[in-house]
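Now for the letters of each chain:
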Amino acid sequence: MSLEQVSKTCSHGGLQGVYSHASAATGTSMTFAVFVPDHAPGARLPVLWYLSGLTCTHANVTEKGEFRAACAEHGIIFVAPDTSPRGNDVPDDEGYDFGKGAGFYVNATQDPWAANFRMRSYIEEELPAVIAEHFPVDMARQGITGHSMGGHGALTIALRDPPRFRSVSAFAPIVSPLNCPWGEKALTGYLGPDEASWREYDACALIADGARLPDLLVDQGTADSFLEEQLKTQLLEQAVADAGMPATIRMQQGYDHSYYFISTFMAEHVAWHAEKLNGQAGN
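The residue numbering used here restarts from 1 in each chain and proceeds along that chain's sequence as written. Two thresholds apply to this predicted model, a pLDDT of at least 70 for residue-level local features and 80 or more for giving and counting side-chain atom pairs, whereas whole-chain, interface and lining totals are computed over all residues. The basis for the side-chain values is all heavy atoms of the structure; hydrogens and waters are excluded.

Student: Is there a simple way to think about helix H9 (residues 259–277) in this case?
Tutor: Note that an α-helix has 3.6 residues per turn; residues three or four places apart therefore point the same way. Maximum bend of H9: about 40°, positioned at Phe265. Burial status follows relative accessibility: with a 1.4 Å probe on protein chains alone, a residue under 20% of its type maximum counts as buried, one over 50% as exposed, and anything between as partly exposed. Here a strand is any run of E in DSSP of at least two residues, a helix any run of H or I of at least four, and the numbering for each starts at the N terminus. Along H9, the residues classified as buried are Tyr259, Phe261, Ile262, Ser263, Phe265, Met266, His269, Val270, Trp272, His273, Ala274 and Leu277. The N-cap residue of H9 is Ser258: its side-chain oxygen and the backbone nitrogen of Tyr260 are 3.1 Å apart. Think of it this way: the bend at a residue is just the angle between two axes, each fitted to seven residues, one set ending at that residue and the other starting at it. Here a polar contact means two N or O atoms within 3.5 Å. Within protein one must be a hydrogen donor candidate and the other an acceptor candidate, and residues neighboring in sequence count only if both atoms are side-chain atoms.

Student: When you look at the pattern of salt bridges in this model, what are you seeing that I'm missing?
Tutor: Note on pairing: side chains with opposite charge can pair once their charged atoms come close. Here, a salt bridge means any side-chain nitrogen of Lys or Arg that lies within 4 Å of a carboxyl oxygen of Asp or Glu. Considering all chains together, one arrives at 11 salt bridges under this definition. Arg120 is the salt-bridge partner of Glu200, the closest N and O atoms lying 2.8 Å from each other. Highlighted residues: Glu200 in the loop between helix H5 (181–191) and helix H6 (203–208) and Arg120 in helix H3 (residues 119–134), separated in sequence by 80 residues. Looking at Glu200, the relative accessible area reads 33%, which means it is partly exposed. By relative accessible area, Arg120 is classed as buried at 18%. As a salt-bridge pair, Asp215 and Lys276 come within 3.3 Å of each other at their nearest N and O atoms. Of this pair, Asp215 sits in the loop between H6 and strand E8 (217–221) while Lys276 sits in helix H9; the two residues are 61 residues apart in sequence, bridging distant segments of the chain. For Asp215, a relative accessible area of 23% translates into the label partly exposed. The partly exposed category is assigned to Lys276, whose relative accessible area is 26%.

Right, here's the structure in full:
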């Protein structure tokens, strides 16, 4: 799996790079960012995956997420993929909440989306193989986090495969796409009208159906304009309470949906992941 280096720069003693490669999953070129902290020769480091939200690319968190100092301190590789396939031949929609920039981390089954919009396979299978081949990662120590649509992605990917991740967190996640306009539009468009097929892409439904995580950290701003209609954090609070699943869900007074919010709590999330990822040596 060959990579093209788009850019690389020193930061906090490590290297921040941006790379592209030909994706078999999406049938397009895909771009992602990786921060590798300074480390001893031959060392294998834990990896924290960050999934971005609607309209974003890898660049949003890379430029505004303020994660590098914490990752350098704790010795964690930080990987930020794109949110959807790109290219002139990729189908799109006029709305910001569907099509390019809005892949929703699903494998689409409906035309014309099915050919390219296979972000679930890309994130769960293809990109991890690329990262494992080209970077000094210890794949026995993986954590995952994300924002908004990316928080939805992080929660559902982890809930479908709990043994893979030692740590899971989210910033202002879409917790139940079955019960919000963003989710209803995306899942109908990508998967069709049968809501039974949507459940594997809904964190609250997965928990209700028996999926569990050993722990979870979620931060949500109280001044987030999407909280009531789209994010519905209370549904996740109820789901974890009903399931008896450990979770820390923090309502942060006065914070909105922006990267001002994310960057404020990013270092805490990285430290929380680090405690779990560094708690036991990997293979």
